Amino acid sequence: PDQAAGWIDGSWDIASGAFFGAAWNRADHVLTPFEIPRSWRMDRAFDWGSSKPCSVGWWAESDGTSATMADGTTRHFAPGSLFRIGEWYGCDPNKPNVGLQMEGVDIARGILERQRLRWPNRLINPGPADSSIFDVQDGHSIASSFTKAGVAWLAANKGPGSRKNGWQLTRDRLGAAKRNPKEVAGLYVFADCLDFIRTVPMLPRV
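A brief structural summary. Everything numeric in this text was worked out from a predicted model, so none of it was measured.

Reading the values: rules and limits
Residues numbered from 1 in each chain as written. Predicted model: local features only at pLDDT ≥ 70, side-chain atom pairs only at ≥ 80, totals over all residues. Heavy atoms only, no water. Helix = DSSP H or I, 4+ residues; strand = E, 2+ residues; numbered from the N terminus. Buried < 20%, exposed > 50% of the residue type's maximum accessible area, 1.4 Å probe, protein only. Contact = heavy atoms within 4.5 Å. Areas by Shrake-Rupley, 256 points an atom, 1.4 Å probe, with all protein chains shown as cover. Lys, Arg positive; Asp, Glu negative; His and termini not counted. Charge placed at Lys NZ, Arg CZ, Asp CG, Glu CD. Core = buried A, V, L, I, M, F, W, Y, C linked by side-chain atoms within 4.5 Å. Phe/Tyr/Trp six-rings, centres within 6.5 Å; stacked < 30°, edge-to-face > 60°.

1. Remarks on the overall build of the chain
Argument step 1. Across its full length, the chain carries six helices and ten strands.
Argument step 2. Relative to its full complement of 206 residues, the chain shows a buried share of 41%.
Argument step 3. Contacts in the chain between residues far apart in sequence, at least 24 positions, make up 69% of those at least 6 positions apart.
Argument step 4. Carbon and sulfur atoms make up 53% of the accessible area of the chain, which totals about 11400 Å².
Argument step 5. In the chain, the 24 positive side-chain charges and the 22 negative ones have mean positions that sit 1 Å from each other.

Set out below in structure tokens:
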């Protein structure tokens, strides 16, 4: 199916055998950035990395209110649909798999600056972060340095089976985004989230 998608639809975002291969289609999932309705919830998520890249993702969740697309048309998305509306992938520009070894406080400052420039006067709620940042050593944690700098997080659930469950939920939402009418919550990505588009559709089965 993945080869056929490349030959027929020109969709070369996925590799044969990728976990999200059959679910992902750029035409369905990648959207030109648009203004998020005021009633939609916005939050951020975080995956810690130092020698490896860290990743900050900003997300919006539809409450069923219609949105005005970049071309001026109006579009409805099922309540609960998720949109990756921004990202910061902390890597060396010339080595995409090498992290910048930034301190938590510097990442926090970068997060706040990006939020101020892109979504002024919008509430960005704390979202899930890699649970490892909450580990305490010598009375301190990476999460506490973020909090002191003004960026709070919620510990992600990394209990037994959480990875497989999360991957399947993601796959289900990608599948829902391809179906019409949009009655079930889907998952969408803004076109400027280049690192998500570069990496997630290629993730192999584990």
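2. With respect to the nonpolar core
Argument step 1. Counting 45 residues, the largest nonpolar core has Phe34, Phe46, Phe83, Ile85, Ile111 and Trp153 as the members making the most contacts within it.
Argument step 2. Ranked by residues supplied to this core, first place goes to strand E3 (residues 54–61) with five residues.
Argument step 3. If sequence neighbours within four positions are ignored, Trp153 has contacts with Arg44, Ala45, Phe46, Val56, Ile111, Pro126, Gly127, Pro128, Ala129, Ile133, Phe134 and Phe146.

3. Description of the packing of aromatic side chains
Argument step 1. For the structure on display, the rule yields 16 aromatic pairs.
Argument step 2. Aromatic side chains Phe46 and Trp153 sit 5.2 Å apart centroid to centroid with 20° between the ring planes, which places their arrangement in the stacked category. Linking Phe46 in strand E2 (residues 41–47) with Trp153 in the loop between helix H4 (142–148) and strand E9 (154–155), this pair joins segments that are 107 residues apart in sequence.
Argument step 3. Where Trp59 meets Phe196, the ring centres are 6.3 Å apart and the plane angle is 80°; that geometry is what we call edge-to-face. Highlighted residues: Trp59 in strand E3 and Phe196 in helix H6 (residues 194–199), separated in sequence by 137 residues.

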